[in-house]
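Commentary on secondary and tertiary structure
The lines below spell out each chain.
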Amino acid sequence: QVQLVESGGGLVQAGGSLRLSCAASGLTFSRYAMGWFRQAPGKEREFVAGISWSGGSTAYADSVKGRFTISRDNAKKPVYLQMNSLKPEDTAVYYCAAGRLPYGRSVMGADFGSWGQGTQVTVSS
């Protein structure tokens, strides 16, 4: 059973930075991706960033490109989301996700079927 545990959310002023981390256990796929999604009040959950099991492939939503960076040291280490130049519109609950990455599919299109409990990120103006 896959377990994902997030940490690192909080309150920050606009222009500030936060780093989220996600520790995973129970992943058995040979090819998988891990990603971050977010959901703001009254909005649907949206993809933020993703990374392949090897760390060799990444993907970002257009709204966070150049400000957020997803990374991991190796497959046994947590996945991090470094968020810089935060804006009030980044306020949301952020969820870590993991799933099988079929051959030939981009990280954004992985079969994300396992989810963490979510961590709140609030950016004040």
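Right above here is the structure, for reference.
Residues numbered from 1 in each chain as written. Predicted model: local features only at pLDDT ≥ 70, side-chain atom pairs only at ≥ 80, totals over all residues. Heavy atoms only, no water.

**Regarding the environment of glycine 50**
Inclusion rule: Helix and strand definitions here come from DSSP, where helices need a minimum of 4 consecutive H or I residues and strands a minimum of 2 consecutive E residues; each element is numbered from the N-terminal end.
When you line up the elements, glycine 50 lands in strand β5 (residues 46-52). Spatially, the C-alpha atoms of glycine 50 and alanine 98 are 9.1 Å apart, while their sequence positions differ by 48 residues.

**A closer look at the pairing of strand β8 (residues 79-83)**
So the rule is basically this: Remark: exposure states derive from per-residue accessible area (1.4 Å probe, protein chains only) relative to the maximum for the residue type, with buried under 20%, exposed over 50%, and partly exposed in between. We treat two strands as partners when DSSP finds at least two bridges between them.
Among the 5 residues of β8, 4 are classified as buried, and the element is accordingly described as predominantly covered. Relative to β8, strand β3 (residues 18-25) runs antiparallel, the two being bridged by 5 bridges. Paired with arginine 19 across the bridge in β8 is glutamine 82. By the bridge criterion, 4 bridges tie strand β7 (residues 68-71) to β8 in an arrangement that is antiparallel. From the neighbouring strand, serine 71 faces β8, where its bridge partner is tyrosine 80.

**Here's the deal with the sheet that holds strand β1 (residues 3-7)**
Picture the strands of a sheet paired through backbone hydrogen bonds; they go either parallel or antiparallel. Where we set the bar: For helices, the axis comes from a line fit to the C-alpha atoms of the stretch in contact; other axes are also lines fit to C-alpha atoms, and the angle between any two N-to-C directions lies between 0 and 180 degrees.
Here 4 strands make up an open sheet; going across it, the order is β1-β3-β8-β7 and the pairing antiparallel. The sheet is open, and its two borders are formed by β1 and β7, each paired with just one other strand. In this sheet, adjacent strand axes meet at a mean angle of 15 degrees when their direction is disregarded.

**Some points on the pattern of salt bridges**
Definition in use: Any Lys or Arg side-chain nitrogen found within 4 Å of a carboxyl oxygen on Asp or Glu counts as a salt bridge.
For the structure on display, the rule yields 6 salt bridges. Measuring nitrogen to oxygen at the nearest pair gives 2.7 Å for the salt bridge that ties aspartate 111 to arginine 105. Salt bridges sharing common partners tie together Arg38, Glu46, Arg67 and Asp90.

**Let's talk about the nonpolar core**
Just so we agree on the cut-off: Nine residue types can take part in a nonpolar core, namely buried Ala, Val, Leu, Ile, Met, Phe, Trp, Tyr and Cys, and a core is a set of them joined through side-chain atoms within 4.5 Å.
Residues Met34, Trp36, Leu81, Met83 and Tyr94 are the most contacted members of the largest nonpolar core, which totals 27 residues. Of all elements in the fold, only β3, β4 (32-39), β5, β7, β8, β9 (92-100) and β11 (119-124) reach the threshold of two or more residues within this core. Considering every element that reaches this core, the biggest residue donor is β9, with 4 residues. Of all hydrophobic cores here, the second largest spans 9 residues; its members include Ala33, Phe47, Ala59 and Ala110.

**Brief notes about the environment of serine 63**
For serine 63, the location among the structural elements is in the loop between β6 (58-60) and β7. By relative accessible area, serine 63 is classed as partly exposed at 39%. It is 8.2 Å that separates the C-alpha atoms of serine 63 and valine 48, two residues lying 15 residues apart in sequence.

Any functional reading would require information that these geometric values do not contain.
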